[in-house]
Amino acid sequence: EPGSIVEGSTYCTSSQAAAEAEEAPWELTDLFTKSCGSNWLKDNGFSLRGNIVQSYTWNTAGPTDRFNGPVTWTDRSNEYQLNQIYTTFERTTDTEDKFFDIGGRVDLMYGTNARFVQAFGLDEEWITDRSFYGLVMPQMYGEIATGSIKTKVGRMASPVGYFGVNTADNFFSSLPYTYQYGEPFTHTGIHSTWSGDNVTLS
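Below: a short report on this structure. (Residues numbered from 1 in each chain as written. Predicted model: local features only at pLDDT ≥ 70, side-chain atom pairs only at ≥ 80, totals over all residues. Heavy atoms only, no water.)

## Quick notes on the pattern of salt bridges
Point 1. Taken as a whole, this structure holds 9 salt bridges when the rule is applied.
Point 2. With a closest N to O distance of 3.0 Å, Arg 115 and Asp 75 form a salt bridge. In this pair, Arg 115 sits in the loop between strand E5 (100-111) and strand E6 (134-146) while Asp 75 sits in the loop between strand E3 (46-57) and strand E4 (79-91), placing the two residues 40 residues apart along the sequence.
Point 3. The class for Asp 75 is buried, based on a relative accessible area of 3%.
Point 4. The partner of Asp 101 in a salt bridge is Lys 98, with the nearest N and O atoms 3.5 Å apart. (Salt bridge = Lys/Arg side-chain N within 4 Å of Asp/Glu carboxyl O. Helix = DSSP H or I, 4+ residues; strand = E, 2+ residues; numbered from the N terminus. Buried < 20%, exposed > 50% of the residue type's maximum accessible area, 1.4 Å probe, protein only.)

Here it is, written out as structure tokens:
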């Protein structure tokens, strides 16, 4: 058939492949999509995505050391900052059609924000050049789901407060002092969640 694409023993038209590609917003997982629209990662519940956050903070006082304190995440004044290149590789658990499932998540973040997220004893040694830039792993956990109960084991983003480590999930790139100095960014341990029809216990 004209315009058809052969992939293994599967036949599809180029128009069908294009229609499947337009069903959802593009993400890094789509880099592994084959010509016929099949994607092993997506088909098995995996997702690879990311974002880039940049900033330039203008301080009229013009401090000679370019320190914009007590602000943290945008702490360099009159200077460009690559705040974060954030990537996430995740498999979310789903027990709607089955009772048991296994998943997990790994996040990597590079940029000037890394200095404020590093965990001592885990990834502080990744920042070895003593510059403003570094690499950290804000989340790395495995998840087990049985029915309505999901349990995470590892390092995970804190459920406390409104803001999070990934700036793309926040309303502003700048953060309030309550989050910068008064709330945990991440937790390491075990976190279980039970979800009912109208209530969730964590």
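So much for the structure itself; the text now carries on.
## Thoughts on unusual backbone geometry
Point 1. Cis geometry marks the peptide bond from Gly 69 to Pro 70; its omega dihedral reads 10 degrees.
Point 2. Despite not being glycine, Arg 66 has its phi angle at roughly 60 degrees, a positive value.
Point 3. Assignment of secondary structure puts Arg 66 in the loop between E3 and E4.
Point 4. Even without being a glycine, Asn 78 presents a positive backbone phi close to 50 degrees.
Point 5. Examined against the element boundaries, Asn 78 turns out to sit in the loop between E3 and E4.

## Describing the sheet that holds strand E7 (residues 149-157)
Each strand in a sheet pairs with another by means of backbone hydrogen bonds, the pair being arranged parallel or else antiparallel.
Point 1. Ordered in space as E3-E4-E5-E6-E7-E8-E9, the 7 strands form an open sheet in which the pairing is antiparallel. The strands lining the two open edges of the sheet, one partner per strand, are E3 and strand E9 (200-201).
Point 2. Pairing of strand E8 (residues 186-195) with E9 involves 2 bridges; the strand directions are antiparallel. Bridge assignment links Ser 195 to a residue of E9, and that residue is Thr 200. (Pairing = 2+ DSSP bridges.)

## A closer look at the pairing of E4
Point 1. By the bridge criterion, 12 bridges tie E3 to E4 in an arrangement that is antiparallel. Bridged to Val 53 within E4 is Gln 84.
Point 2. Where E4 meets E5, 7 bridges bridge the pair, whose relative direction is antiparallel. Among the inter-strand pairings, Tyr 86 is bridged to a residue of E5, identified as Met 109.

## Examining the packing of aromatic side chains
Point 1. Applying the stated criterion to the full structure yields 10 aromatic pairs.
Point 2. Pairing Trp 40 with Phe 46 gives two aromatic rings, centres 5.8 Å apart and planes at 15 degrees, and the pair type is stacked.
Point 3. For Trp 40, a relative accessible area of 59% gives the class exposed.
Point 4. With 5.6 Å between their ring centres and 75 degrees between their planes, Trp 73 and Phe 185 make a pair best called edge-to-face. Of this pair, Trp 73 sits in the loop between E3 and E4 while Phe 185 sits in the loop between helix H3 (177-182) and E8, and the two are 112 residues apart along the sequence.
Point 5. Relative accessible area serves as the criterion here: at 14%, Phe 185 is assigned to the buried category.
Point 6. Aromatic ring contacts, followed pair by pair, group Trp 73, Tyr 162, Phe 163, Tyr 179 and Phe 185 into a single cluster.
Point 7. The ring centre of Phe 46 lies 6.0 Å from the NZ or CZ of Arg 91, which sits over that ring. (Phe/Tyr/Trp six-rings, centres within 6.5 Å; stacked < 30°, edge-to-face > 60°. Lys NZ or Arg CZ within 6 Å of the ring centre and 35° of its normal.)

These figures come from the coordinates and say nothing about function on their own.
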